[in-house]
Amino acid sequence: MKRETALRLGCIADDFTGATDIASLLARSGVAVGLRIGVPEASVDDSVAEIEVIALKCRNEPVERAVAQARSAADWLREAGAEQLYWKYCSTFDSTAEGNIGPVAEALADALAARRVVYCPAFPENGRTSYFGNLFVNGVRLDESPMKDHPLTPMRDADLTRLLAPQVSGGVGLLDIAALRGGKAAVSACLAKLDERGIRHVVADAIAEEDLRELAEAVWQDALLTGGSAFAAELPRHRFPGQREDHDEREQMPTVAGGTLVLSGSCSAMTRRQVETYRQRGSAYRLDPLALAEGDGERRKLLEWLDAQPRDAAPMIYASAEPGAVKRAQQHLGAERAGQLVESTLADIAAHAFENGVRRFIVAGGETAGAVTQALGVSRLRVGREIAAGVPWTFARRDGVDIALALKSGNFGDEAFFSKAQEVLR
Ligand code: ADP
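Residues numbered from 1 in each chain as written. Predicted model: local features only at pLDDT ≥ 70, side-chain atom pairs only at ≥ 80, totals over all residues. Heavy atoms only, no water.

Glancing now at the overall build of the protein. In terms of regular secondary structure, the protein is built from 16 helices and 18 strands. Relative to the globule expectation of 22 Å for 426 residues, the C-alpha radius of gyration of the protein, 21 Å, shows essentially globular dimensions. Along the three orthogonal principal directions, the C-alpha set of the protein runs to about 65 × 45 × 35 Å. A burial count over the protein gives 59% of its 426 residues as buried. At a minimum sequence separation of 6, the contacts of the protein that also span at least 24 residues come to 75%. Accessible surface for the protein amounts to roughly 17,000 Å². Of this, 46% is attributable to carbon and sulfur atoms. Charge separation in the protein, taken as the distance between the mean sites of 50 positive and 60 negative side-chain charges, equals 2 Å. (Helix = DSSP H or I, 4+ residues; strand = E, 2+ residues; numbered from the N terminus. Rg over C-alpha atoms; globule rule 2.2 N^0.38 Å. Buried < 20%, exposed > 50% of the residue type's maximum accessible area, 1.4 Å probe, protein only. Contact = heavy atoms within 4.5 Å. Areas by Shrake-Rupley, 256 points an atom, 1.4 Å probe, with all protein chains shown as cover. Lys, Arg positive; Asp, Glu negative; His and termini not counted. Charge placed at Lys NZ, Arg CZ, Asp CG, Glu CD.)

The next subject is the site of the ligand. Around the ligand, the surrounding shell holds 22 residues, and the nearest of these are His-150, Ser-266, Glu-343, Glu-367 and Thr-368. One of the backbone nitrogen or oxygen atoms of Gly-339 is found 2.9 Å away from an oxygen atom of the ligand. Residue contributions to the shell around the ligand peak at four residues, all from helix 14 (residues 335–355). Residue composition of the shell around the ligand, grouped by class: ten nonpolar, ten polar and two charged. Residue contributions to the shell around the ligand reach at least three from each of two domains, namely domain 1 (9–247) and domain 2 (250–425). (Near = heavy atom within 4 Å. Polar contact = N/O pair within 3.5 Å; in protein donor to acceptor, adjacent residues only side chain to side chain. Nonpolar A, V, L, I, M, F, W, Y, C, P; charged D, E, K, R; others polar. Domains from an automatic or database assignment.)

Three or more residues of helix 12 (residues 297–307) are buried, namely Glu-298, Leu-302, Leu-303, Trp-305 and Leu-306. Down the axis of helix 12, the buried set is contained in an arc of 155°. They therefore lie on one face. Buried-residue contacts for helix 12 involve strand 12 (259–264), strand 13 (284–286), helix 11 (289–293), strand 14 (316–318) and helix 14. (Arc of directions from axis to C-beta.)

As a further point, take the nonpolar core. Membership of the largest hydrophobic core comes to 99 residues, with the highest contact counts inside it found for Leu-175, Phe-231, Ile-317, Phe-361 and Trp-393. Lining this core are residues from two domains, each supplying at least three of them: domain 1 (9–247) and domain 2 (250–425). Each residue touching Ile-317, except ones within four places of it in the same chain, is listed here: Leu-261, Val-262, Leu-263, Ser-264, Tyr-285, Leu-287, Leu-302, Trp-305, Leu-306, Leu-346 and Ile-349. Membership of the second largest hydrophobic core comes to 43 residues, among which are Trp-87, Leu-108, Leu-135 and Val-172. (Core = buried A, V, L, I, M, F, W, Y, C linked by side-chain atoms within 4.5 Å.)

One pass over the full model with this rule turns up 36 salt bridges. Across the salt bridge formed by Lys-57 and Glu-367, the nearest N and O atoms sit 2.8 Å from each other. Of this pair, Lys-57 sits in the loop between strand 3 (51–55) and helix 2 (63–79) while Glu-367 sits in helix 15 (residues 366–376), placing them 310 residues apart in sequence. An identical accessibility class is assigned to Lys-57 and Glu-367; each is buried. Residues Asp-195 and Arg-115 are paired through a salt bridge, measuring 2.9 Å at the closest nitrogen-oxygen approach. You can see Asp-195 sitting in helix 6 (residues 184–196) and its partner Arg-115 sitting in the loop between helix 3 (101–112) and strand 5 (117–120), a full 80 residues away along the chain. The partly exposed category is assigned to Asp-195, whose relative accessible area is 33%. On the basis of relative accessibility, which here comes to 60%, the residue Arg-115 falls in the exposed class. (Salt bridge = Lys/Arg side-chain N within 4 Å of Asp/Glu carboxyl O.)

Interpretation in functional terms is not warranted from these geometric data alone.
Okay, here's the thing in C-alpha cells:
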C-alpha cells in the first residue's frame, strides 16, 4: 500500500558508484536525497527523503536476478510514495546483448504500465555524449574508447539503438540531436511519430546540458525514465519547483577520525592513471588474481603488509591492470572467477582494515565498491561534498562509528583523484 511521505522520485542504480553518482547530482538541486544500500529490509518509515536512491549490485548479475532485485526495489519505492521511477545505469551503457539495462527497464515499465521508456546515458560534464545514437567518451566512439577492453562488459559497438535492441522486445527508436535542437515542436513530433509506430523504447541523444534540459521538458512526467545521472539531475526542477539550489546539505560533513585506505579494482584507463600517480607517492600493494587463486598465502601476505603500514600512510591496494594482464588472468581463471577473487579479497581487506581502525575508504570500481560496501555492513549513506563530478564523499554509521566512503566509478575523476579525495575531507 502506498504511504503518504515526502518521497516523489525513486531511483534504482545498477551499481554502488552509480548510486553515489546519481545521489550526488540530484543533491545539487538542494532537495533532500536518501541513499540506501540494497533494498531496505525495514518497512517504510518517516525518515524517507524527497528523493530516494537504492543502490543495487546487479549490473553483471544473471538477467532474472537483476530483474527480481529491481522489481523489489521498485516495490519498496512505490510503497514509500514514489510517483516516478528512474533506472540509473552507466553513462557508458555497460551491458551485454542479454542485459541488464533493457530487461530491467522493460520489467519496470510493465510494473508501472508505462507506455514509453526513454534511455539517455549521456553525461556531458564527464565527456559522455550521444550524437545520432552513437555514444562517445571524451570525443572517442565508445567501441574505440578504453571501454572496449572492460573486464566484465567490453563495449564493442557505439550505436545505442543497436546495443539496446537485443535486450528488449519490440523496436527501438531514436530521439536525435536534430529534433532536440529543433525545439519543443520538433521533439513532440518525433516522440509522437515513434508512438504511432508502436515503439516503446526510445534512445535520446544529448551532447550538452541544454539537450538534457530540452529532453526533460518533454518527458519529465513519464512514469519511468532511464539513463545516466546527468539526465536525472534535470528532474528536480520540474518535480520540486521553487527548491533553493543555493541550499546545500552536502556541506555539512561529519569529521571522521581514523586511518585511510585506497582500494582499486577498476581496470579503466583513468583508474590505471590514478593508481600510477598515487603509487609514486608511497605505500602500494599490487594484487594479482593468479597469485590469489593459488591459495591463502597471498592473502595472508597482503594482510601482513597492510598491518605493517604506518597509521598515517593512507596505503593503496590495487588489482587494476592493463588489458593484456586482465586477459591472461581471465584465460586462466575465467572472467567471473578472476573478478570475484579480486572483489572478495578487497572486501575482506576492507573489513579487516575497519577492525583495525581504518575509517576512510576510497574505492575505485563499481563492482568493487559494491563488494567493499557490503563487507563494511552499512545500509544507508549520507551524501557529502563532491570530489569530482559524480563522485561525492558519503558517510555511514556502523556500531556507532562514522565511516567515510568515496566510491568512484572506473572512469571518473582525474589523475590526482586519490589524493584530492583526502584533501576534500580535511
Ligand atoms: P569499473 O567501475 O571500472 O567498471 P568494476 O569494479 O565495476 O570497475 O569492474 C572491474 C572488474 O574487474 C571487477 O570485477 C574486478 O574484480 C575485476 N578485476 C580487477 N582487476 C583485475 C585483474 N587484474 N584481472 C582480472 N579482473 C580484474
